[in-house]
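Structure assessment
Here are the chains, one letter per residue:
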Amino acid sequence: FISSDFASKPPSVLKIEPNVIAVDLESHYSLPVTFDSDFVLQERKAVTSTITKFALYYNKLNYMAKEGKFVVPKTVYHALRGLGHAKYNETYIPHVFKNYLMTPKWEYDSVSHKYRAFISLTLDYDSKALQSQPKALVPSFQTCLMARLYKVRMDVKIKKKMLSSYLPAVVV
């Protein structure tokens, strides 16, 4: 945080709201990859753009193969078909974890003119709030046709500003 953002003084209280986002991928054809935390942390727009590119590659490859211009190895054909037909969806699942009010210990760095605070936080599962909503947390899994993965969006509210950061999560 740059000190000018705080009028020379950082806030004494931070509100932290962790929220779960379920990431679903599916295809009618085999998905030839395992999705990792780097994939899960991408923005939705980046993922859908990548899927669109695979669909274009698949269509071009299919056209070239049908025209007899190119011999396509089956493994490449099947990989592109699965990725090109993939569907991606994110579902916001609020109130899985409790919200926190934190009083950080700020340190001022005179070289960078920034305040810094390190916060350690254990996420407490709010089972009562989760039971009262229509969405369920199924365990994380990946198969050749679908995957259910999760990420936690950490919303940090400082005065009237909100900063968000994403963390990969595994539900067991």
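Below or above, wherever it landed, is the structure these notes cover. Just so it is clear, the model here is predicted, and its values are computed rather than measured.

Time to look at the packing of aromatic side chains. Per the counting criterion, the structure on display carries five aromatic pairs. A centroid spacing of 6.3 Å and a plane angle of 85 degrees characterise the contact between Phe39 and Tyr88, whose relative ring orientation is edge-to-face. Remark: Tyr88 occurs in strand E2 (residues 87-93) and Phe39 occurs in helix H1 (residues 37-40); sequence separation between them is 49 residues. One exposure class covers both Phe39 and Tyr88, and it is buried. The interplanar angle of 55 degrees and the centroid separation of 4.9 Å between the aromatic rings of Tyr108 and Tyr115 together place this pair among those described as tilted. Overall, the relative accessible area of 42% leaves Tyr108 in the partly exposed class. Judged by its relative accessible area of 15%, Tyr115 falls in the buried class. Ring pairing ties together the aromatic residues Phe35, Phe39 and Tyr88, which thus form one cluster. Over the ring of Tyr166 we find Lys151, and its NZ or CZ is 5.1 Å from the ring centre.

All right, on to the pattern of salt bridges then. Tallying each qualifying case throughout the model produces six salt bridges. For Glu90, the salt bridge is made with Arg44, and the minimal N-O distance between the two is 3.8 Å. One end of the pair, Glu90, is in strand E2; the other, Arg44, is in helix H2 (residues 44-66), with 46 residues separating them in the sequence. Look at Glu90 and you get buried, because its relative accessible area is 17%. Between Lys151 and Glu90 there is a salt bridge whose closest N-O contact spans 3.1 Å. With a gap of 61 residues between them, Lys151 in strand E7 (residues 146-158) and Glu90 in strand E2 connect regions that are remote in the sequence. Each member of the pair, Lys151 together with Glu90, is buried.

As defined by bridge partners, E7 adjoins strand E8 (residues 161-169) across nine bridges and the pair is classed as antiparallel. Residue pairing in the sheet places Val152 in a bridge with Leu167 of E8. Hairpin connection from E7 to E8: two residues lie between these consecutive antiparallel strands, with Lys159 at a positive phi of about 50 degrees.

A word on unusual backbone geometry. With phi around 65 degrees, His95 is a residue other than glycine that occupies positive phi space. The residue His95 is located in the loop between E2 and strand E3 (100-102) in this model. Its identity as a non-glycine residue notwithstanding, His113 has a phi of 60 degrees, on the positive side. Along the chain, the position of His113 falls in the loop between strand E4 (107-109) and strand E5 (114-116). Its relative accessible area of 44% is what places His113 among the partly exposed residues.

Procedures and definitions
Residues numbered from 1 in each chain as written. Predicted model: local features only at pLDDT ≥ 70, side-chain atom pairs only at ≥ 80, totals over all residues. Heavy atoms only, no water. Phe/Tyr/Trp six-rings, centres within 6.5 Å; stacked < 30°, edge-to-face > 60°. Helix = DSSP H or I, 4+ residues; strand = E, 2+ residues; numbered from the N terminus. Buried < 20%, exposed > 50% of the residue type's maximum accessible area, 1.4 Å probe, protein only. Lys NZ or Arg CZ within 6 Å of the ring centre and 35° of its normal. Salt bridge = Lys/Arg side-chain N within 4 Å of Asp/Glu carboxyl O. Pairing = 2+ DSSP bridges.

Such coordinate-based values are descriptive only and should not be taken to indicate function.
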